[in-house]
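# Geometric and topological summary
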Amino acid sequence: LKPKEGEKWETKTIGELLEFKNGLNASKDQFGHGNPIVNYVNVYKKRSIYKQDLTGLVELDINTRKRYDVKKGDVFFTRTSETLEEIGYASVLLEDVENGVFSGFVLRGRPVNNMLYPEYCKYCFSTKNIRMQIQALSTMTTRALTNGKSLSKVKICLPYYDKQKEIADALDSFETSITALTSALELSKKRYEYYRDEMLRF
């Protein structure tokens, strides 16, 4: 799925594709009820987010909710971590979430044009090249930190839209096959262990 002869893939900065915003900070008594919220745990090492993943809730007034809204296609990045190696993990929201908002522990990158295929975002921001750039542009004091200004500088090689869909579909199919194979191997292992124990039962 590399560029074919005659195909032109563009080099863009993430800042040309996404507009960043910091998340909300709320008091402890606001949590546990109210609006669904995209939290750190929804983003960290998870490439995609769906409505069912948002189990956290926060109570907000309508103006705050509008300032920190979320919608399908938004890309979220972890803003802080213990180490540089774990900074800036990304996950894309693949469903609209009514009255959804996002936490101050993550950054929201909202597409500013139609150049990104949402499902492609599941994969492109986790490549080795992108991860290395994010780490290099982050800061480290007592904790590793990144922000929208730093993430906006990261360069990405972007296929045209239909090619992004083709790549995402191929990777989805491959991932499904790997998951099925892993499940089958795990089941085979359990069967083996069962029969081993039965055969060696004296």
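Overview of the structure.

How each quantity is defined
Residues numbered from 1 in each chain as written. Predicted model: local features only at pLDDT ≥ 70, side-chain atom pairs only at ≥ 80, totals over all residues. Heavy atoms only, no water. Pairing = 2+ DSSP bridges. Helix = DSSP H or I, 4+ residues; strand = E, 2+ residues; numbered from the N terminus. Patch = residues over 30% accessible without salt bridge, like charges linked within 9 Å, V, L, I, M, F, W, Y side chains within 5 Å. Areas by Shrake-Rupley, 256 points an atom, 1.4 Å probe, with all protein chains shown as cover. Salt bridge = Lys/Arg side-chain N within 4 Å of Asp/Glu carboxyl O. Buried < 20%, exposed > 50% of the residue type's maximum accessible area, 1.4 Å probe, protein only. Arc of directions from axis to C-beta. Contact = heavy atoms within 4.5 Å.

## Looking at the sheet that holds strand 11 (residues 139-140)
Strand order in the open sheet formed by three strands is 7-12-11, with antiparallel pairing between adjacent strands. Only two strands of the sheet have a single neighbouring strand rather than two, namely strand 7 (80-81) and strand 11. As paired elements, strand 11 and strand 12 (residues 144-145) share two bridges and run antiparallel to each other. Counterpart to Met 140 in the pairing with strand 12 is Ala 144.

## Digging into the sheet that holds strand 10 (residues 106-111)
Across the sheet, which stays open at both edges, the five strands sit in the order 2-10-6-8-4 with mixed pairing between neighbours. Here the strands that pair on one side only, and so sit at the sheet edges, are strand 2 (18-22) and strand 4 (48-49). Where strand 6 (residues 75-78) lies against strand 10, four bridges are found, and the strand directions are antiparallel. The residue bridging Thr 78 from the neighbouring strand is Val 106, located in strand 10.

## A look at a nonpolar patch on the surface
On the surface, Phe 174, Ile 178, Leu 181 and Leu 185 cluster together to form a nonpolar patch covering roughly 420 Å² of accessible area. Classification of Phe 174 as exposed rests on a relative accessible area of 55%.

## Re helix 4 (residues 128-137)
Looking only at helix 4, the buried set comprises Ile 130, Arg 131, Gln 133 and Ile 134. Down the axis, helix 4 shows its buried residues gathered within 160 degrees of arc, on one side only. Facing away from the buried surface of helix 4 by more than 90 degrees, the exposed residues are Lys 128 and Ala 136. Buried residues in helix 4 make contact with strand 6, helix 3 (121-124), helix 5 (148-151) and strand 13 (155-158).

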